[in-house]
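The residues making up each chain are set out below.
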Amino acid sequence: MLHTVEKPWLTALDSERAATAISMARETASRLSEPKRVQAAAELAKAQTAFPKSVHWQAHSVAQGYAGLALLWGYLDECFPDEGWERIGKQHLELATRSIETLLHPQPGMYSGLGGLAFAAWYSSRQGTRYQRMLAGLDRVLLPQIRHMAERLRTREPGPGVSEFDVISGLAGVGRYLVLRRESPAASETLQLVIESLVALTLEEDSLPHWHTPAGLIQDETWRQLYPHGNLNCGLAHGIPGPLALLALAQTAGVTVDGIEEAIARVALWLREHEVGDAWGINWPTAIPLTPDRKAMRIDGGEPGKVSDSRMAAYRGSRSAWCYGSPGVTRALWLAGKALGSQEYQDLAVQALEAVYRRPQQERRIDSPTFCHGVAGLLEVTLRFAQDTSLPVFVEAARALVEQIMAAYEPESMVAFRNLEPGGTRVEQPGLLDGSAGVAITLLAASVAVEPRWDALFMLS
């Protein structure tokens, strides 16, 4: 079953702001409901972007594809029944399914593979009462792939690539789908293998966690130069907070695996010990560098005589986003605190997220209105904390973030909200992760009294 909150979903906005936000979301959705416009926007995005390797529409994907748009239609159908959104969702799921059927070897990952399409189908299925044939067909292909991933990670030497365990492509992401599907015997059995592999991943040898990334497995050239001896990734999207969130959510859902509680405690402690303060409070770096002798480098206090001030500043700096930085880390710690019954970790999460709001907007480095590394992602994290804590600071922050997003509305553009890339390039991306669909669905979450269960995709619930 999808996670449900213990109290009615909190509407963060007053009626006037909510009406404006809903109107913007509806207009965005109206444009995205037309496949020809979506395809035109996707082609335009490829021509506009300064990062052509990262902008590629794939109809089957949840990040930049119709599977992701299906989540928007599913949420709109929950918010405004009998308006025909379910019909659009079915159409887009069919487009996504036809696309993935053309691939010889579809990958299992959550954001660009079968896992995301399966999640979208499950979310749209109304607790499995619809799309049963589609779900069964996807699971027949997906579950063996996940079992293979889990076995490969469990038996390999410490030091995997992040794509083996992260939220975007690895076990943490597809594991979230399995938690939702755990009433299926095959999914439950596969989930057990995933959790066992991730529990083993959290172990350490000579104070070095098994999940560290050796230099040879760092894909990005800039990162290889910045982390010549490897690193320990701290982002929710690609680092250890993703597995932590999954383990915590599984534990809270009643999944029992030997060592799961100890693994949650181990990773939560590691994150607490590696926080990095700044002028506004608690923060976390993008990644912790490894030293030549395979130790985690001390960032607070530096490595006197070994690392230049400019390089240390690069190590300390991180955006305040869902993918990297405090917002994603805090949500993982909050979930860990809930699973462990630890007020300490939940208090730490609250304090760190409060520090984000004290940072001036330019210091947050999330100018884009979009989800992954933009304002919408921070807003959705904030909405979850507002719901869970009822603290006024989160409600007030949510309102300010909605205002920031609404100021980015561009009705003259093709898809109403454009992705703002580093360097200032505005891109007409229609997708969920970095596009206008992610903005629209998050504006709705701030404006209506309907729980945004879709944010399980982002490990927020």
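Cut-off values and rules
- Residues numbered from 1 in each chain as written.
- Predicted model: local features only at pLDDT ≥ 70, side-chain atom pairs only at ≥ 80, totals over all residues.
- Heavy atoms only, no water.
- Helix = DSSP H or I, 4+ residues; strand = E, 2+ residues; numbered from the N terminus.
- Rg over C-alpha atoms; globule rule 2.2 N^0.38 Å.
- Buried < 20%, exposed > 50% of the residue type's maximum accessible area, 1.4 Å probe, protein only.
- Contact = heavy atoms within 4.5 Å.
- Salt bridge = Lys/Arg side-chain N within 4 Å of Asp/Glu carboxyl O.
- Expected span 1.5 Å × (residues − 1).
- Phe/Tyr/Trp six-rings, centres within 6.5 Å; stacked < 30°, edge-to-face > 60°.
- Axes fitted to C-alpha atoms, helices over the stretch in contact; angles between N-to-C directions.
- Parallel < 35°, antiparallel > 145°, perpendicular 65-115°, else oblique.
- Left-handed = near helix turned anticlockwise from the far one by under 90°.
- Nonpolar A, V, L, I, M, F, W, Y, C, P; charged D, E, K, R; others polar.
- Core = buried A, V, L, I, M, F, W, Y, C linked by side-chain atoms within 4.5 Å.
- Patch = residues over 30% accessible without salt bridge, like charges linked within 9 Å, V, L, I, M, F, W, Y side chains within 5 Å.
- Areas by Shrake-Rupley, 256 points an atom, 1.4 Å probe, with all protein chains shown as cover.
- Lys, Arg positive; Asp, Glu negative; His and termini not counted.
- Charge placed at Lys NZ, Arg CZ, Asp CG, Glu CD.

Chemist: Could you give an account of the overall build of the protein chain, with specific residues and numbers?
Modeler: From N to C terminus, the protein chain includes 18 helices and six strands. In terms of overall size, the protein chain behaves like a compact globule, its C-alpha atoms giving a radius of gyration of 21 Å where 461 residues would be expected to give roughly 23 Å. Dimensions along the principal axes, computed over C-alpha positions, put the protein chain at roughly 60 × 50 × 45 Å. Taken over 461 residues, the protein chain has a buried fraction of 60%. Relative to all contacts within the protein chain whose residues are 6 or more apart in sequence, the contacts with residues 24 or more apart total 69%.

Chemist: Explain the pattern of salt bridges residue by residue, including any values.
Modeler: For the coordinates displayed, the defined rule picks out 20 salt bridges. Between Arg384 and Asp455 there is a salt bridge, with the nearest N and O atoms lying 2.7 Å from each other. With Arg384 in helix H16 (residues 375-389) and Asp455 in the segment after helix H18 (436-447), this residue pair connects regions lying 71 residues apart in the sequence. Pair check on accessibility: Arg384 and Asp455 agree, each one buried. Connected via shared salt-bridge partners are Asp14, Arg17 and Glu403.

Chemist: Please give an account of helix H13 (residues 326-340) that cites residues and values.
Modeler: Between its first and last C-alpha atoms H13 spans 20 Å; for 15 residues at 1.5 Å apiece the expected length is 21 Å, and the two agree. For H13, a buried count of 13 out of 15 residues is recorded, marking the element as mostly surrounded by other parts of the structure. Directly after H13, the chain includes Gly341, whose backbone phi takes a positive value near 65°.

Chemist: Give me the lowdown on the environment of Ala18, citing residues and values where you can.
Modeler: Note on placement: Ala18 falls in helix H1 (residues 15-32). When the C-alpha atoms of Ala18 and Ser447 are compared, they prove to be 4.7 Å apart, with 429 residues separating the residues in sequence.

Chemist: Pulling in residues and values, what's your account of helix H17 (residues 392-406)?
Modeler: Counted at 1.5 Å a residue, the expected span for H17 with its 15 residues is 21 Å, and the 21 Å between its end C-alpha atoms agrees. Buried within H17 we find Phe394, Val395, Ala397, Ala398, Leu401, Val402, Gln404, Ile405 and Met406. Next to the buried residues of H17 lie H1, helix H14 (343-358), helix H15 (361-364), H16 and H18.

Chemist: I'd like a description of the packing of aromatic side chains, backed by residues and values.
Modeler: All told, the structure shown has 18 aromatic pairs when counted by the stated rule. Their ring planes at 65° and their centres at 6.1 Å tell us that Trp322 and Phe371 sit as a pair that is edge-to-face. With Trp322 in the loop between helix H12 (309-316) and H13 and Phe371 in the loop between H15 and H16, this residue pair connects regions lying 49 residues apart in the sequence. Across this residue pair, the class does not change: Trp322 and Phe371 are buried. When the centroid spacing of 6.0 Å and the interplanar angle of 75° are considered together, the rings of Tyr357 and Phe394 count as edge-to-face.

Chemist: Residues and numbers for the packing of helix H6 (residues 132-155) against helix H8 (residues 185-201), please.
Modeler: Direction vectors running N to C along H6 and H8 enclose 20°, while the axes themselves pass 9 Å from each other. The orientation of H6 with respect to H8, classified from their angle, is roughly parallel. Seen along the crossing, H6 lies across H8 with a hand that is left-handed. Each of Leu143, Ile146, Arg147, Ala150, Glu151, Leu153 and Arg154 in H6 lies in contact with H8, whose residues at this interface are Ala186, Ala187, Thr190, Leu193, Val194, Ser197, Leu198 and Leu201. Here the residues of the contact of H6 with H8 are counted per class, giving ten nonpolar, two polar and three charged.

Chemist: Describe the nonpolar core, naming the residues involved and giving the relevant values.
Modeler: A general trend in soluble globular proteins is that nonpolar side chains are found buried together. Residues Leu72, Tyr111, Trp322, Leu333, Leu443 and Phe458 are the most contacted members of the largest nonpolar core, which totals 166 residues. Looking at which element gives the most residues to this core, the answer is helix H3 (residues 66-79), with ten residues. With residues near it in sequence (within four places) discarded, Leu443 still touches Ala21, Met24, Ala25, Val402, Ile405, Met406 and Phe417.

Chemist: Go over the side chain of Ser197 with me, naming the residues and quoting the values.
Modeler: Along the chain, Ser197 turns up in helix H8. Those residues in contact with Ser197 that lie beyond four places of it in its chain are Ala150, Glu151, Leu153, Arg154 and Leu171.

Chemist: Can you lay out a negative patch on the surface for me, pointing to particular residues and giving the numbers?
Modeler: Among the surface-exposed residues, Glu196, Asp258, Glu261 and Glu262 lie close enough to one another that they form a single negatively charged patch. Looking at where Glu196 falls in the secondary structure, it is placed in helix H8.

Chemist: How would you explain the packing of helix H10 (residues 241-252) against helix H11 (residues 260-273) if you had to name every residue and give the values?
Modeler: The angle between the axes and the distance between the axes are what describe a pair of packed helices. Taken N-terminus to C-terminus, the directions of H10 and H11 make an angle of 140°; their axes are 10 Å apart at the nearest point. For the element pair H10 and H11, the recorded crossing hand is left-handed. Here Pro241, Leu244, Leu247, Ala248, Ala250 and Gln251 of H10 come into contact with H11, specifically with Ile260, Glu261, Ala263, Ile264, Val267, Ala268 and Leu271. For the contact of H10 with H11, the per-class residue count stands at eleven nonpolar, one polar and one charged.

Chemist: An account of unusual backbone geometry is requested, with residue identities and associated values reported.
Modeler: The phi angle at Asp206 is positive, at roughly 55°, despite the residue not being glycine. Structurally, the position occupied by Asp206 is in the loop between strand S1 (204-205) and strand S2 (208-209). Exposure remark for Asp206: the relative accessible area of 68% places this residue in the exposed category. In this structure, Ala416 takes a positive phi of about 80° despite not being glycine. Relative to the helices and strands, Ala416 is located in the loop between H17 and strand S5 (419-420). Classification of Ala416 by relative accessible area gives buried; the value is 0%.

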